[in-house]
Amino acid sequence: MFQRITLLSAFLLTCCLHAATTGKAIKFGKLWDGHQVIAHAVVIVDGDQIKSVTANGPIPAGMETIDLSEYTGIPGMIDMHTHITYYWNGDTSIDARRQKPRREAITVVLSQRNGMKALEAGVTTLRDLNAAGGADFDLRDLINMGAFVGPRLFVSGRGLHGLPKIPTMDEKIAEQIKATKETIAAGADWVKIFGSTGGFDNVTGDQTVSYEEMKAVVDEAHAEGHKVAIHSYGPAGARDAIRAGCDTLEHATDMDDATIAELVRKKIWYVPTIDHNEYYVENAETTYKFPAGAKENLEDYIHRNFITAQKAYKAGARMLVGSDAVYNGFGLNMRELTWFMKMGMTNEQAMQTATVNAAEALGMENKLGSVAPGYFADMVAVEGDPMTDIQVVLKNVRWVMKGGAVVSDKTKGFPTHTN
Ligand SMILES: [Zn+2]
């Protein structure tokens, strides 16, 4: 009997010691956990996971405590459309798109800087849609190994394109299925299809991949347990992407009511990426050296993009934040929320497009997007209240934890990380 009690005590002691050495208690003035606001929240973190969330909860004796009671806690945010391997050092003497090609290892290292900017903006997860040479696979894996600090990445490798040189539909379909299998085998989490023209100052939206090809890619990816994102700047590609059963629809301007009704009925996630064209307008001369007239075309596209997205939102479409960040767009990831507010979302609805809903689209609804027991300890402290002022999420991110590790701390007036 004595021996059993001793063993039990030893076991309990080990547990407590373990908790005391690896656990962390985080105190927030308020916490929006993804669904509700908890005043005086205490979040206990063990390793990379959240163990408990309580109001005024007790903190085990000796546990490291991070006092963020001046701030509001929110879940680590998720940006559903980025291009992390598009790196630019800010040298305005050249167009960012015409930088000298880099070897892949260099791209991987430089991409991490984009990732750090996103992290410091409170974005702890990115879905990255199009990268050359496997740089996105390598960056994701290095981050997951702990060799690099960066956001969690869900990546697509190189996106699939139309095949204008292949003569018959049967051959096109066979080629698209082959490309899908190769992309997944190489390490893609998602499959991306460029279903139309359009990008940067090109705002045309001509369909480039047929319904039959889209359907073949979606069916192959789904059979292998992977999801598909389809880029379409215009309405025809969007209609066929929805018919083909894509999981997320990107950009998609000028959709008619019937197309929007199908988007809603099929519960396909819509990532309108409105703000990225605003970013292009702001940087038309400096970063991009766009030709005359580009700004006007972009402004026109932004207007149509917003009107379409607003119509879809009012019709009940499920929407997600995608910044489409490239080059120096990292760090501005959550500006899309401003557009979502403008179309009539409440603060909480807007916040959910970058947290719980995005997590669901990723199939990670039990691990990401909420501050709750069993979830990854991805949390952000902002100064102010995002439930009354969405701008605090864009401008006042002060502290970021990813997987239980503090990756950015500006609470003391100086950042822990500099590039
Ligand atoms: Zn994009």
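None of these values were measured; they are calculated from a predicted model. (Residues numbered from 1 in each chain as written. Predicted model: local features only at pLDDT ≥ 70, side-chain atom pairs only at ≥ 80, totals over all residues.)

Caption draft 1: Broad picture of the sheet that holds strand β12 (residues 318–319). The five strands are arranged β8-β9-β10-β11-β12 in an open sheet whose pairing can be described as parallel. Taken across any chain shown, the strands that pair with only one partner, and hence form the sheet edges, are β8 (190–194) and β12. Two strands pair when backbone bridges link them, and strand β9 (residues 227–232) and strand β10 (residues 248–251) are joined in this way by four bridges, in the parallel orientation. If you follow Ile230 over to β10, its bridge partner there is Leu249. Strand contacts of helix α5 (residues 211–223): β8 and β9, with the helix running at about 155° to β9, the strand carrying the most contacts. (Pairing = 2+ DSSP bridges. Helix = DSSP H or I, 4+ residues; strand = E, 2+ residues; numbered from the N terminus. Contact = placed C-beta atoms within 7 Å. Axes fitted to C-alpha atoms, helices over the stretch in contact; angles between N-to-C directions.)

Caption draft 2: Region of interest: the packing of helix α4 (residues 169–186) against α5. Viewed as axis vectors pointing N to C, α4 and α5 meet at an angle of 35°, and their least axial separation amounts to 9 Å. As for the relative orientation of α4 and α5, their crossing is right-handed in sense. Contact residues: Met169, Lys172, Ile173, Gln176, Ile177, Thr180, Lys181 and Ile184 in α4; Glu212, Glu213, Ala216, Val217, Glu220 and Ala221 in α5. Looking at the contact of α4 with α5 residue by residue, the class counts come to seven nonpolar, two polar and five charged. (Left-handed = near helix turned anticlockwise from the far one by under 90°. Nonpolar A, V, L, I, M, F, W, Y, C, P; charged D, E, K, R; others polar.)

Caption draft 3: View of the domain arrangement of the protein chain. The domain architecture assigned to the protein chain consists of domain 1 (2–75 + 370–409) and domain 2 (77–361). Each of domain 1 and domain 2 has a C-alpha centre, and these two points are 32 Å apart. Every contact between the two is made by 18 residues of domain 1 and, on the other side, 18 residues of domain 2. Elements represented by at least two residues in the side of domain 1 that touches domain 2 include exactly β4 (64–75), α13 (391–395), β14 (397–402) and β15 (405–409). Considering every element that reaches the side of domain 1 that touches domain 2, the biggest residue donor is β14, with three residues. Counted by class, the side of domain 1 that touches domain 2 contains twelve nonpolar, four polar and two charged residues. (Domains from an automatic or database assignment.)

Caption draft 4: Inspection of helix α9 (residues 294–315) at higher detail. Its 22 residues give α9 an end-to-end C-alpha distance of 31 Å, which sits within 8% of 32 Å, the value for a rise of 1.5 Å per residue. For α9, the complete set of buried residues consists of Leu298, Tyr301, Ile302, Asn305, Thr308, Ala309, Ala312 and Tyr313. Along the axis of α9, the buried residues cluster in a sector spanning 145°; they form a single face. Those residues of α9 that are exposed and angled more than 90 degrees off the buried face are Glu296 and Lys314. Its buried side turned inward, α9 meets α7 (257–265), β11 (269–271), α8 (275–282) and β12. Of the residues trailing α9, Gly316 is marked for its positive phi of about 105°. (Expected span 1.5 Å × (residues − 1). Buried ≥ 20, exposed ≤ 12 C-beta atoms within 10 Å, placed from the backbone. Arc of directions from axis to C-beta.)

Caption draft 5: Seen up close, the pairing of β4. Sheet topology places strand β1 (residues 23–32) next to β4; seven bridges connect them, and they run parallel. Each bridged residue has a counterpart across the sheet, and for Lys30 the counterpart in β4 is Thr72. Where β4 and strand β13 (residues 379–382) come together, four bridges link them in antiparallel fashion. The partner of Ile74 across the bridge, within β13, is Val380.

Caption draft 6: The sheet that holds strand β2 (residues 37–46), seen in detail. The seven strands lie next to each other as β3-β2-β1-β4-β13-β14-β15, forming an open sheet whose pairing is mixed. Where the open sheet ends on each side, the last strands, each with one partner, are β3 (49–55) and β15. Within this sheet the neighbouring strands show an average axis-to-axis angle of 30°, counted without direction.

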